[in-house]
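# Examination of the molecular architecture
Residues per chain are reported as follows:
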Amino acid sequence: MTVLELNTSQISEIMGRLPYFQELGNAETSLLAEGAQEIVLKKKEILFREGDPADALFTVVSGSVKLSIGHTRNQEKVIDIISRGQCFGEVPMFLQAPCPSTAQAIEDTYLLSIKRNTLMNALDHNCLLASKMMAGVCRRMHTLIKDIDNCHLRSSSQRLASYLLQHRPDLHARHYDVTLPGLKNDVAGILGLSRETFSRTLHQLEEENIIRVTGHQIRILDVEKLQSYNGWQRIERSTNGKDI
């Protein structure tokens, strides 16, 4: 892990390009920048481990990071993949609790790190930043509940359909692209599927002309059919007659 020493104006300029901070004024971003650092992670490098002290908020500038549990017990379960512009680490930081997960770079990744004391000071003076952080925590909780629903109550095709529909840019988009944020194995882990089942389900949807897969890029060709998979009406059956 490499920590870059950038001046306040450089960090403020980086923040201005990230959705999370775009609505803040120059005074607020400058205040945050005073306690911020840029961190460079190489592919597969670990930022923190499950159980480590949590004392900072992290924002992905470029690249992606996977959050997993059970990493130290060799029973890894991927719970989230954080992409450009997204934040993580805020919940244990606020609670002053140990990190509940391990953060590892999926690819070469640049992060902004903002220390807890700096962030708390900024929150005391800026309601907009506080509301954005609260919304971020709520979105994470909502996603977690949906993931539990997907992993325990739905078939493999329903889980994949739900995941792809979550990336729909707007309700009117009939065709759109989804870029898998990392290895298929990581995305499969989020959906509670093995890599083989994930690949087989992709192939199934591709054969039905619902999607087209090119490397890590998935083109949605038929939103209505994808939505029918996401519903509860369709029950998959394997060749032996058991539910998948």
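Remember, predicted model here, so these are calculated numbers, not experimental data. (Residues numbered from 1 in each chain as written. Predicted model: local features only at pLDDT ≥ 70, side-chain atom pairs only at ≥ 80, totals over all residues. Heavy atoms only, no water.)

It is worth spelling out the overall build of the protein chain at this point. The secondary structure content of the protein chain amounts to 9 helices and 12 strands. Counting over 244 residues, the protein chain shows a buried share of 44%. Taking all contacts inside the protein chain whose residues are at least 6 apart in sequence as the whole, residues at least 24 apart take part in 69%. When the accessible surface of the protein chain is split by element, carbon and sulfur atoms take 51% of a total near 13,100 Å². (Helix = DSSP H or I, 4+ residues; strand = E, 2+ residues; numbered from the N terminus. Buried < 20%, exposed > 50% of the residue type's maximum accessible area, 1.4 Å probe, protein only. Contact = heavy atoms within 4.5 Å. Areas by Shrake-Rupley, 256 points an atom, 1.4 Å probe, with all protein chains shown as cover.)

In this section: the packing of aromatic side chains. How two aromatic rings sit relative to each other is given by the distance of their centres and the angle of their planes. A complete count under the given rule lists 3 aromatic pairs for this structure. Taking 5.4 Å as the distance between ring centres and 20° as the angle between the ring planes, the aromatic pair formed by Phe58 and Phe88 counts as stacked. One end of the pair, Phe58, is in strand β4 (residues 56-62); the other, Phe88, is in strand β7 (residues 87-88), with 30 residues separating them in the sequence. Look at Phe88 and you get buried, because its relative accessible area is 0%. Site record: aromatic cluster; members linked through ring pairs are Phe48, Phe58 and Phe88. (Phe/Tyr/Trp six-rings, centres within 6.5 Å; stacked < 30°, edge-to-face > 60°.)

If you trace the 3 strands from one edge of the open sheet to the other, you get β10-β12-β11, paired in antiparallel fashion. Edge positions in the sheet fall to β10 (176-179) and β11 (211-214), since each has one partner strand and no second. Here the average twist between neighbouring strands, direction ignored, is 20°. Taken together, the 4 bridges between β10 and strand β12 (residues 217-220) define a ladder with antiparallel strand orientation. (Pairing = 2+ DSSP bridges. Axes fitted to C-alpha atoms, helices over the stretch in contact; angles between N-to-C directions.)

What follows is about the environment of Val78. Along the chain, Val78 falls in strand β6 (residues 77-82). The spatial distance from the C-alpha of Val78 to the C-alpha of Ala103 is 9.9 Å, given a sequence separation of 25 residues. What Val78 contacts, discounting residues up to four positions off in sequence, is Lys66, Leu67, Ser68, Asp186, Gly189 and Ile190.

Before going further, it helps to spend a moment on the confidence of the model for the protein chain. Of the residues in the protein chain, 87% reach a pLDDT of 70 or more, and the chain-wide mean stands at 82. Mean pLDDT across the secondary structure elements of the protein chain bottoms out at strand β1 (residues 2-4), with 69, and peaks at strand β3 (residues 46-48), with 95. Scored below 50 in pLDDT, residues 232-244 makes 24 contacts in the model with residues more than four places away or belonging to other chains. (pLDDT = per-residue confidence, 0-100.)

Here the focus is the side chain of Ser113. Its location among the elements puts Ser113 in strand β9 (residues 109-115). Beyond its immediate sequence surroundings of up to four residues, Ser113 is in contact with Gly35, Ala36, Gln37, Ile39, Ala56, Leu57 and Phe58.

A word on the environment of Phe198. In this structure, Phe198 sits in helix α8 (residues 195-207). Considering only alpha carbons, one finds Phe198 and Val187, 11 residues apart in sequence, at a separation of 8.5 Å. Ignoring sequence-local partners within four residues, the contact set of Phe198 consists of Leu160, Leu180, Lys184, Val187, Ala188, Leu191 and Leu193.

Here the focus is the pattern of salt bridges. Overall, the coordinates contain 4 salt bridges when judged by the stated rule. The salt bridge involving Lys115 is made with Asp55; its shortest N-O contact spans 3.4 Å. Residue Lys115 is located in strand β9, and its partner Asp55 is located in the loop between β3 and β4; the two are separated by 60 residues in the primary sequence. Relative accessible area serves as the criterion here: at 36%, Lys115 is assigned to the partly exposed category. Exposure remark for Asp55: the relative accessible area of 40% places this residue in the partly exposed category. Two residues, Asp177 and Arg219, come together in a salt bridge whose shortest N-O distance is 3.4 Å. Of the two residues, Asp177 sits in strand β10 while Arg219 sits in strand β12, which places them 42 residues apart along the sequence. Residue classification places Arg219 among the partly exposed positions, given a relative accessible area of 26%. (Salt bridge = Lys/Arg side-chain N within 4 Å of Asp/Glu carboxyl O.)

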